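The primary structure of each chain is shown beneath.
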Amino acid sequence: MIDIIIIGAGPAGLSAALYASRAGASVLMLDGAAPGGKLNVSAEIENWPGQKKVAGPDLAYQMFEHGLAFGASYEYGLVEKVEDLGDYKVVVTTDKTYEARMVLVASGTVERKLGLEKEEELTGKGISYCAVCDGPFFKEEEVAVIGGGNSALEEANYLTKFASIVHLIVRRDQFRADKIVQDKIKANDKIKIHFLQKPIEIIEENNKVAGLVLEHSQTSETMNLPVKGIFPYVGLDPITSFVSHLGITNKVGYIEVDKHMETNVKGIFGAGDVIDKVLRQVVTATNDGAIAGQYMSELLQDQSLQK
Ligand code: NAP
């Protein structure tokens, strides 16, 4: 039996793997996507202490190598269920079942959808939730970014490398993003800000995005934007369906933990963006992972001394 299974190989999971394996625990990380989590879709990170600017995928690679440096292992695995059997836990993926003494849920969040008709069928045909992955397909085209938070503003800025105009659609008359990010947007003359506008219809032509209809939040007046690309950044939802039956999540699905990152189920922990917290950043995810990894390995040592 493995000591610790970590679900999710983003900054939280990788830091936990580093701390727990360095302290002597056997650790298996499972992830249904490339290790690195949201780092892989972040063009630039400016607030990772020690590096004034680093490309997200580069930091992901460094963290992955470091996370495995003390003996932790990594496998591809899409987790469907975690069961609590007291002294041990069962983790069921789409094709395997694992047993572990402890489980750390570090599965992060997923981008929220706009909820518009045709959004799903046109994903990959003009609609994208990843500017870093798909931005280069829109060279000299007009694109729209929806949202007023840090993600929308940072990705809008990034898209100006390729697009002729980036329309930034904000439903209120103000941003939610940090001031430093707002200042960058305002200084970028390729970004056209549309306050008090919400997207109401995606226009399709030949099975591709051909435009976006906006509605004024107060007057209900509509306008058409001739965009070929739409990048929704309207918030995030936690990935916790596989633990929803355990009673460890709050009413919006985030995992509740104590100061050791342990949930109310003994031996099941949470770390990173998936927990209920005030600041979702790479640095806070690594903090959570370090606390969880260290504490889990101490508990395992105590348990083995008691035997
Ligand atoms: P967010 O902060 O929740 O912002 C979501 C934005 O989308 C808000 O402006 C919201 O408007 C808007 N919105 C929500 N539903 C909408 C809809 N149906 N139609 C149109 N607009 C809609 O989400 P986020 O930007 O993804 O950030 C998530 C977390 O990660 C935050 O804690 C953020 O600070 C953090 N983050 C940090 C960084 C960084 O520090 N470098 C980078 C990325 C993300 P309202 O304001 O009206 O609600």
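Because the structure is a prediction, the values reported are computed rather than measured. (Residues numbered from 1 in each chain as written. Predicted model: local features only at pLDDT ≥ 70, side-chain atom pairs only at ≥ 80, totals over all residues. Heavy atoms only, no water.)

### Here's the deal with the site of the ligand
The immediate surroundings of the ligand are formed by 17 residues, with Gly148, Glu154, Arg172, Arg176 and Gln281 found nearest. Arg171 has a polar side-chain atom sitting 3.0 Å from an oxygen atom of the ligand. In the environment of the ligand, an oxygen atom lies 2.8 Å from a nitrogen or oxygen atom belonging to the side chain of Arg172. If the ligand stood free it would expose 920 Å²; the protein chains cover 77% of that surface. Tallying contributions element by element places helix α4 (residues 150-159) first for the shell around the ligand, with 3 residues. Tallied by class, residues from the shell around the ligand come to 4 nonpolar, 8 polar and 5 charged. (Near = heavy atom within 4 Å. Polar contact = N/O pair within 3.5 Å; in protein donor to acceptor, adjacent residues only side chain to side chain. Areas by Shrake-Rupley, 256 points an atom, 1.4 Å probe, with all protein chains shown as cover. Helix = DSSP H or I, 4+ residues; strand = E, 2+ residues; numbered from the N terminus. Nonpolar A, V, L, I, M, F, W, Y, C, P; charged D, E, K, R; others polar.)

### Topic: the domain arrangement of the chain
Split into domains, the chain comes out as domain 1 (2-111 + 236-306) and domain 2 (131-232). When each unit is reduced to the centre of its C-alpha atoms, the spacing between domain 1 and domain 2 is 33 Å. Contact residues are listed per partner, giving 5 residues for domain 1 and 5 residues for domain 2. Interface of domain 1 and domain 2: buried area, both sides summed, is about 460 Å²; carbon and sulfur atoms make up 53% of it. Its largest share of buried area at the contact with domain 2, domain 1 owes to Val41, Ala43 and Glu46, together 68% of the area lost on that side. Run the count over domain 1 and domain 2 and you get 1 salt bridge. (Domains from an automatic or database assignment. Contact = heavy atoms within 4.5 Å. Buried area = accessible area lost by both parts, 1.4 Å probe. Salt bridge = Lys/Arg side-chain N within 4 Å of Asp/Glu carboxyl O.)

### Some words on helix α2 (residues 56-68)
In a regular helix each residue adds 1.5 Å, so 13 residues correspond to 18 Å; α2 covers 18 Å between its end C-alpha atoms and thus fits that length. Turning to α2, its buried residues are Gly56, Leu59, Ala60, Met63, Phe64 and Gly67. Down the axis of α2, the buried set is contained in an arc of 135°. They therefore lie on one face. On its buried face, α2 sits against α1 (11-22), β3 (44-45), β4 (54-55), β5 (73-76) and α6 (282-306). (Expected span 1.5 Å × (residues − 1). Buried < 20%, exposed > 50% of the residue type's maximum accessible area, 1.4 Å probe, protein only. Arc of directions from axis to C-beta.)

### What to know about the side chain of Gln182
Along the chain, Gln182 falls in helix α5 (residues 179-186). A relative accessible area of 15% means that Gln182 is categorised as buried. The contacts of Gln182, once residues within four sequence positions are left out, are Leu153, Phe175 and Ala177.

### Describing the pattern of salt bridges
With the rule as written, the count across this model stands at 12 salt bridges. Across the pair Lys179 and Asp183 runs a salt bridge whose closest N-O atoms are separated by 2.8 Å. One end of the pair, Lys179, and the other, Asp183, are both in helix α5, 4 residues apart, so they sit about a helical turn from each other. Asp183 sits in the partly exposed class, given a relative accessible area of 37%.

### Some remarks on the nonpolar core
Among the nonpolar cores identified, the biggest contains 52 residues, and Ile4, Ile5, Val82, Val91 and Leu104 are the most heavily contacted of them. Among the secondary structure elements, those contributing two or more residues to this core are β1 (2-7), α1, β2 (27-31), α2, β6 (79-85), β8 (97-105), β18 (268-270) and α6. Val82 has contacts with Ile7, Val90, Val91, Val103, Phe242, Val243, His245, Leu246 and Ile268, leaving out every residue within four places of it along the chain. Core analysis: the second largest hydrophobic core is formed by 24 residues, Leu159, Ala163, Val166 and Phe231 among them. (Core = buried A, V, L, I, M, F, W, Y, C linked by side-chain atoms within 4.5 Å.)

### A short note on the environment of Val166
Note that Val166 resides in strand β11 (residues 165-169). Look at Val166 and you get buried, because its relative accessible area is 0%. Residues Val166 and Thr219, spaced 53 residues apart in sequence, show a C-alpha to C-alpha distance of 24 Å. Beyond its immediate stretch of four places on either side in the chain, Val166 contacts Val143, Val145, Ala156, Leu159, Thr160, Lys190, Ile191 and Lys192.

### Observations concerning the packing of aromatic side chains
By the definition in use, this model includes 5 aromatic pairs. When the ring of Phe269 is compared with that of Tyr295, the centres are 6.1 Å apart and the planes differ by 65°; the resulting orientation is edge-to-face. Taken together, the residues span a long stretch of sequence, with Phe269 in strand β18 and Tyr295 in helix α6 at a distance of 26 residues. Relative accessible area serves as the criterion here: at 0%, Phe269 is assigned to the buried category. Here the guanidinium or amino end of Arg22 rests over the ring plane of Phe70, the centre of that ring lying 5.6 Å away. Taking NZ or CZ as reference, Lys113 lies 4.7 Å from the ring centre of Tyr129, over its face. (Phe/Tyr/Trp six-rings, centres within 6.5 Å; stacked < 30°, edge-to-face > 60°. Lys NZ or Arg CZ within 6 Å of the ring centre and 35° of its normal.)

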